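Letter by letter, the chains look like this.
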Protein chains: 2
Amino acid sequence: MDKRSLRVAVLGCGSVGSQVVRLLQEQATDLEARIGARIELVGVAVRRIDATRDVEVPDGLLTTDADGLVARDDVDLVIEVIGGIEPARSLILSALEHGASVVTANKALLAEDGPTLFEAAEKAGRDLYYEAAVAGAIPILRPLRESLAGDKVTRVLGIVNGTTNFILDKMDSSGAGFAEALEEAQELGYAEADPTADVEGFDAAAKAAILASLAFHTRVTASDVYREGISEVTAADVQSAREMNSVVKLLAICELRAVAGGDDAVAVRVHPAMIPRSHPLASVREAYNAVFVESEAAGQLMFYGPGAGGAPTASAVLGDLVTVARNHLAGTRGVGESAYADRAVLAMGETRTRYHVAIDVDDRAGVLASVALAFAEHDVSIQTVRQEGRGDDAQLVVVSHEATDAQLSATVEHLRGMDNVREVTSVMRVEGETE
Amino acid sequence: MDKRSLRVAVLGCGSVGSQVVRLLQEQATDLEARIGARIELVGVAVRRIDATRDVEVPDGLLTTDADGLVARDDVDLVIEVIGGIEPARSLILSALEHGASVVTANKALLAEDGPTLFEAAEKAGRDLYYEAAVAGAIPILRPLRESLAGDKVTRVLGIVNGTTNFILDKMDSSGAGFAEALEEAQELGYAEADPTADVEGFDAAAKAAILASLAFHTRVTASDVYREGISEVTAADVQSAREMNSVVKLLAICELRAVAGGDDAVAVRVHPAMIPRSHPLASVREAYNAVFVESEAAGQLMFYGPGAGGAPTASAVLGDLVTVARNHLAGTRGVGESAYADRAVLAMGETRTRYHVAIDVDDRAGVLASVALAFAEHDVSIQTVRQEGRGDDAQLVVVSHEATDAQLSATVEHLRGMDNVREVTSVMRVEGETE
Ligand SMILES: NC(=O)c1ccc[n+]([C@@H]2O[C@H](COP(=O)([O-])OP(=O)(O)OC[C@H]3O[C@@H](n4cnc5c(N)ncnc54)[C@H](OP(=O)(O)O)[C@@H]3O)[C@@H](O)[C@H]2O)c1
Ligand SMILES: NC(=O)c1ccc[n+]([C@@H]2O[C@H](COP(=O)([O-])OP(=O)(O)OC[C@H]3O[C@@H](n4cnc5c(N)ncnc54)[C@H](OP(=O)(O)O)[C@@H]3O)[C@@H](O)[C@H]2O)c1
């Protein structure tokens, strides 16, 4: 192979982009050895030319003309780290049309409109890689897409949002309420001033859509994902979990579910759930991420690491860059979108889950029987009931077996309307145990 | 792409091979969709034609003529799951020469003579993949080789042998001694009748060599790896660890180490070590494996899962098969051996480690001072000393700062010769903390 070079354009030079530019410079020799060609940075597109940056961008490379940069004929590789839907989408499409291979970290765009991008990549015969879009530095997409390609993945459980994990971990370790824990997360820079995207589960839902698509070879977009955030999680919920030797985590859950008389369907959801402390995901602390994968042959695997941050995310971007660059040189492509299985996606109501319900009740004879009856009426079978306290402090804690989410939420509504039920103090789904 | 098929030969049909054959049949439709061609099994080489097998091998495919099978011109892909050095090596070399791409799970062979195989693959323009050789089903080689290709890996700490982890976990949870825990492992099928390869660290050392080669782009073979097994680990050592809020694990350790005035060198070793219970590796229970990776940009990552077993290992083999098959169809190769960094490999004596030393001493005035002096004489600085008991039961527990292993072992020898030292009751290296 004669001495060659590949020309790369970086779109965006913020938290991630500045670290990408830094690593491209610092790792230049190693990158060249690993790719078999020199990487030449030819442009960095930003919004504000004069902003202060965390990296020194070589003279003359900064530009506000992103459109012009991706349309250049001499650009081989484009790294998109602007984020959001537009102009990121148009820029990626233009880059592919102009013959470049693309690496992006843009989960929002992929979860909303991945198929448009994948089709464009396919048509152009170029790669579109996006390891950094899910769980930052943790290699999870490549293992799902390649390492487990000979196996059948049946479930993915992920802690894929660092902000919410930090908050829930804080609530667990200190007994703090949600508001207090959020404030601390904001002070420490783990949560943004407007924390909605993280706290309400939008970020995790985008990642869940990407994980489910890859795991099950089926197109899943963010709108297919049932989503519940953590802002309603109370100190009482966390305490209740504690008493069950469990911990509350915001989980992205992607499952294959048997459907009577048909192919397995896909269920994808994001919500807080109790998991046993003995589960490997339970020990994921602070802002770390982890993805737990179950497959038929491999069994249970877990991938753990920093889920965000400029440098970790840039590491994932450059890992993709090396692969994409090698493919570009060899004139081939890596594994493209694989949606051949084309499975149905279940609505949340049809999805089977388990509930943990804590109820303040009047301590009268027969209250346990009437609560049990309420579950039975909705065809929900009870796994355990624990009765605590007496008189005014009487509490029932019920953990159900699996039932459809619709049945379970109907049961909770029913309980709320019952005479001898004072208050349903905590409702939470239970995960991480096989029945 | 027109309808094509790829012809695959499997060498060996034992624990792993039988599961490979099963998955090739059960996953045929998915494999075809993921590869873009049908996989056709054309032969399965074994030693004994008539042995009972865990899988039904289609009629006429079993053969004892492995040489003939790999020399067939119509074989595109060869899976080697016989194990050991010969005939595995000759068969792999012959397969490559005859134009096949190869997947193997053979850690012993790769660690002993990897470069010969890599050169043959390079020369033949074919792939040689071996994800299953390290940590069974856990995708670790692909992440190291590809996902982290844009980063600089600085350390790999692995629990890569399930048998020894089971034994040490048992010793920790029950207080049992080594012999008792080994017996239980044997009864449960976690240890073989002759447990030497596992218990004395040979298996882990082979994996350490493979991990270090990939992480540091340097050739490391099993003979470069310092190796100490767990047969000398006592209940007292485990108890001593417990008192430090630590746990004893057999670790495969691959590190990049600064060398005065030169390039970083590589240090590779396998030995039991104390790690803090708060370390992610500490919670790896029973026969599970996990690999902890530190890199400059990504930070700390961990990969966790079943490290052995027929089906998990077969999952890793088939993941490789899909990649290798796609490359074979496209007429390309994946990342081959990368030894460009060609770093020096440090001898154990030059490697910097930390020691935990427990000493029974005469409780006389000045004993602490004389012990401290012994450390100082060898230029080993002490991080903590704890003195426990009085009179006949007096014990000192010393944890050192980093020093060369040669200095540390000289210190221990020195202590053993001292008048007021009755016995050095426990010596163990300490890992998993940054100083
Ligand atoms: N931060 C993380 O930890 C993390 C982790 C995983 C994935 N990601 C993903 O990585 C991507 C980038 O995130 P980030 O945190 O680096 O964002 P950021 O810090 O807000 O940086 C965005 C960059 O894009 C530039 N930009 C914005 N609009 C532009 C336009 N119209 N044309 C050209 N440049 C434009 C900005 O320019 P100025 O600097 O001039 O304003 C800025 O440099 C997002 O998709 C995000 O989801 C981030
Ligand atoms: N077992 C695990 O959990 C595991 C995990 C990771 C990696 N690995 C690796 O996978 C490989 C296979 O391990 P395994 O546990 O499957 O071994 P195994 O159960 O002992 O099976 C070995 C197979 O090779 C066949 N064989 C032996 N010598 C042969 C020869 N000269 N020609 C043709 N066939 C021959 C045997 O035939 P017969 O059946 O006729 O005797 C048997 O089917 C090894 O490299 C091992 O290190 C194993």
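Bear in mind that the values here come from a model prediction, so they are computed numbers and not experimental data. (Residues numbered from 1 in each chain as written. Chains lettered and ligands numbered in written order. Predicted model: local features only at pLDDT ≥ 70, side-chain atom pairs only at ≥ 80, totals over all residues. Heavy atoms only, no water.)

**Overview of the overall build of chain A**
A tally of helices and strands in chain A yields 14 helices and 18 strands. The C-alpha radius of gyration of chain A comes to 24 Å, within 12% of the 22 Å expected for a compact globule of 435 residues. Based on the C-alpha atoms only, the size of chain A along its principal axes is roughly 85 × 50 × 30 Å. A burial count over chain A gives 58% of its 435 residues as buried. Here the analysis covers contacts within chain A between residues at least 6 apart in sequence; of these, 74% occur between residues at least 24 apart. As presented, chain A carries roughly 16700 Å² of accessible surface, and 45% of it is formed by carbon and sulfur atoms. Chain A carries 39 positive and 67 negative side-chain charges, and their two centres are separated by 4 Å. (Helix = DSSP H or I, 4+ residues; strand = E, 2+ residues; numbered from the N terminus. Rg over C-alpha atoms; globule rule 2.2 N^0.38 Å. Buried < 20%, exposed > 50% of the residue type's maximum accessible area, 1.4 Å probe, protein only. Contact = heavy atoms within 4.5 Å. Areas by Shrake-Rupley, 256 points an atom, 1.4 Å probe, with all protein chains shown as cover. Lys, Arg positive; Asp, Glu negative; His and termini not counted. Charge placed at Lys NZ, Arg CZ, Asp CG, Glu CD.)

**Structural notes on the nonpolar core**
One finds Ile140 of chain A together with Ile140 of chain B to be the most contacted residues of the largest nonpolar core, which totals 160 residues. With near-sequence residues (within four places) excluded, Ile140 of chain A lies in contact with Glu131, Val134, Ala135, Leu211, Val291, Val293 and Phe303 of chain A. (Core = buried A, V, L, I, M, F, W, Y, C linked by side-chain atoms within 4.5 Å.)

**Thoughts on the sheet that holds strand E3 (residues 62-63) of chain A**
All names here are of chain A. Taken in spatial order, the 6 strands make up an open sheet running E3-E2-E1-E4-E5-E6, and their pairing is parallel. Two strands in the sheet have a free side with no partner beyond their single neighbour: E3 and strand E6 (128-129). In terms of strand pairing, strand E4 (residues 77-80) meets strand E5 (residues 101-104) through 4 bridges, oriented parallel. Looking at E5, one finds that Ile79 is bridged to Val103. (Pairing = 2+ DSSP bridges.)

**Comments concerning the UniProt feature "binding site: NADPH" (unreviewed entry) in chain A**
All names here are of chain A. Mapped onto the present numbering, the UniProt feature "binding site: NADPH" (unreviewed entry) falls on Lys107. The class for Lys107 is partly exposed, based on a relative accessible area of 27%. Apart from the residues lying within four places of it in its own chain, the contact partners of Lys107 are Ala133, Asp203, Ala206, Lys207 and Ile210. (UniProt positions renumbered as here; feature names shortened; annotations may be inferred.)

**Examining unusual backbone geometry**
Glycine aside, negative phi is the norm for most residues, and most peptide bonds take the trans geometry. All names here are of chain A. Omega for the bond connecting Glu86 with Pro87 falls within 30 degrees of zero, at 5 degrees, which places this linkage in the cis form. Mapped onto the secondary structure, Pro87 falls in the loop between E4 and helix H4 (88-97). Unusually for a residue other than glycine, Ala135 sits at a positive phi of about 60 degrees. Summarising the element assignment, Ala135 is placed in the loop between E6 and helix H6 (141-147). Even without a glycine there, the phi angle at Asp342 is positive, about 45 degrees. For Asp342, a relative accessible area of 61% puts it in the exposed group.

**A few points about the relation of the copies chain B and chain A**
Mapping chain B onto chain A is achieved by rotating through 180 degrees and translating by 0.0 Å along the same axis, at an RMSD of 0.0 Å. Expressed as an axis order, the relation between the two copies is that of a two-fold axis. By C-alpha distance to the rotation axis, the residue of chain B lying nearest is Phe303 of chain B, at 2.4 Å. By residue overlap, the copies meet face to face through one surface: 100% of the interface positions of chain B are interface positions in chain A. (Least-squares fit on C-alpha atoms with pLDDT ≥ 70 in both.)

**Observations concerning the site of ligand 2**
All names here are of chain B. Residues in contact with ligand 2 amount to 21 residues; listed here are only the nearest, Cys13, Val16, Arg48, Arg53 and Gly309. A distance of 2.8 Å separates an oxygen atom of ligand 2 from a polar backbone atom of Val16. Coverage of ligand 2 by the protein amounts to 78% of the 900 Å² it exposes when considered alone. Grouping the constituent residues of the shell around ligand 2 by class yields 10 nonpolar, 7 polar and 4 charged. (Near = heavy atom within 4 Å. Polar contact = N/O pair within 3.5 Å; in protein donor to acceptor, adjacent residues only side chain to side chain. Nonpolar A, V, L, I, M, F, W, Y, C, P; charged D, E, K, R; others polar.)

**Structural notes on the domain arrangement of chain A**
Residues and elements named next belong to chain A. Domain parsing of chain A yields domain 1 (5-136 + 311-330), domain 2 (141-306) and domain 3 (349-430). One C-alpha centre belongs to domain 1, the other to domain 2, and the line joining them spans 28 Å. The interface is formed by 17 residues belonging to domain 1 together with 19 residues belonging to domain 2. Summing both sides of the interface, domain 1 and domain 2 together bury roughly 1500 Å²; the carbon and sulfur share of this comes to 60%. The largest per-residue losses of area from domain 1 upon contact with domain 2 belong to Ala111, Tyr130 and Val134, which jointly make up 36% of the total buried on that side. (Domains from an automatic or database assignment. Buried area = accessible area lost by both parts, 1.4 Å probe.)

**Describing the side chain of Arg429 of chain A**
Residues and elements named next belong to chain A. Position of Arg429 among the secondary structure elements: in strand E18 (residues 421-430). A polar contact is formed between the side chain of Arg429 and the side chain of Tyr226, at a distance of 3.5 Å. With residues up to four places along the chain from it excluded, the contact list for Arg429 reads Tyr226, Glu228, His271, Pro272, Ala273, Met274, Met348, Thr353, Arg354, Tyr355 and Asp405.

**Focus on the packing of helix H5 (residues 107-124) of chain A against helix H10 (residues 202-216) of chain A**
When two helices pack together, their arrangement is captured by the angle between the axes and the distance separating the axes. Residue and element names in this part refer to chain A. Axis separation between H5 and H10 bottoms out at 8 Å; the angle between their running directions is 55 degrees. Viewed along their axes, H5 and H10 adopt a mutual orientation that is oblique. For the pair H5 and H10, the crossing hand works out as left-handed. Residues Lys107, Leu110 and Ala111 of H5 lie in contact with H10, whose contacting residues are Asp203, Ala206, Lys207, Ala209 and Ile210. Of the residues belonging to the contact of H5 with H10, the class tally is 5 nonpolar, no polar and 3 charged. (Axes fitted to C-alpha atoms, helices over the stretch in contact; angles between N-to-C directions. Parallel < 35°, antiparallel > 145°, perpendicular 65-115°, else oblique. Left-handed = near helix turned anticlockwise from the far one by under 90°.)

**Notes on the UniProt feature "binding site: NADP(+)" (unreviewed entry) in chain A**
All names here are of chain A. Here, UniProt's "binding site: NADP(+)" (unreviewed entry) annotation points to Leu11, Gly12, Cys13, Gly14, Ser15, Val16, Gly17 and Ser18. Note that Leu11 resides in strand E1 (residues 5-11). The class of Leu11 is buried, set by a relative accessible area of 0%. When sequence neighbours within four positions are dropped, the list of residues in contact with Leu11 reads Ala45, Leu69, Val70, Val78, Ile79, Glu80, Val81, Ile82 and Leu91. With respect to the helices, strands and loops of the structure, Gly12 is situated in the loop between E1 and helix H1 (15-26). Residues in contact with Gly12, not counting those within four places in the same chain, are Gly17, Val44, Ala45, Val81 and Ile82.

**Overview of the site of ligand 1**
Residues and elements named next belong to chain A. Close to ligand 1 lie 21 residues; Cys13, Val16, Arg48, Arg53 and Gly309 are nearest. Taking Cys13, its main chain carries an N or O atom lying 2.8 Å from an oxygen atom of ligand 1. Here Gly14 contributes a backbone N or O atom positioned 3.0 Å from an oxygen atom of ligand 1. If ligand 1 stood free it would expose 900 Å²; the protein chains cover 78% of that surface. Classifying every residue of the shell around ligand 1 by side-chain character gives 10 nonpolar, 7 polar and 4 charged.

**A short note on the interface of chain B and chain A**
Interface size is commonly expressed as the accessible area that is lost once the parts come together. Chain B puts 44 residues into the contact, and the matching count from chain A is 45 residues. Interface of chain B and chain A: buried area, both sides summed, is about 3700 Å²; carbon and sulfur atoms make up 55% of it. Summed over the shared surface of chain B and chain A, the number is 2 salt bridges. Residue Arg142 of chain A is joined to Glu146 of chain B by a salt bridge in which the shortest nitrogen-to-oxygen separation is 2.7 Å. For the pair chain B and chain A, the interface holds 22 residue pairs in polar contact (both at pLDDT 80 or more). Those elements that provide at least two residues to the side of chain B that touches chain A are helix H2 (28-35), helix H6 (141-147), strand E12 (299-306) and helix H12 (310-330) of chain B. The biggest single contributor to the side of chain B that touches chain A is H12 of chain B, with 8 residues. For the side of chain B that touches chain A, the class distribution of residues is 24 nonpolar, 12 polar and 8 charged. (Salt bridge = Lys/Arg side-chain N within 4 Å of Asp/Glu carboxyl O.)

**Focus on the packing of aromatic side chains**
Evaluated as defined, the whole model comprises 7 aromatic pairs over all chains. An angle of 5 degrees between the planes, with centres 5.1 Å apart, marks the rings of Tyr288 of chain B and Tyr304 of chain B as stacked. One end of the pair, Tyr288 of chain B, is in strand E11 (residues 288-295); the other, Tyr304 of chain B, is in strand E12, and 16 residues separate them in sequence. Judged by relative accessible area, Tyr288 of chain B falls into the partly exposed class, the value being 23%. A relative accessible area of 10% places Tyr304 of chain B in the buried class. In this structure, Arg145 of chain A is placed above the aromatic ring of Tyr129 of chain A, and the distance from its NZ or CZ to the ring centre is 4.9 Å. (Phe/Tyr/Trp six-rings, centres within 6.5 Å; stacked < 30°, edge-to-face > 60°. Lys NZ or Arg CZ within 6 Å of the ring centre and 35° of its normal.)

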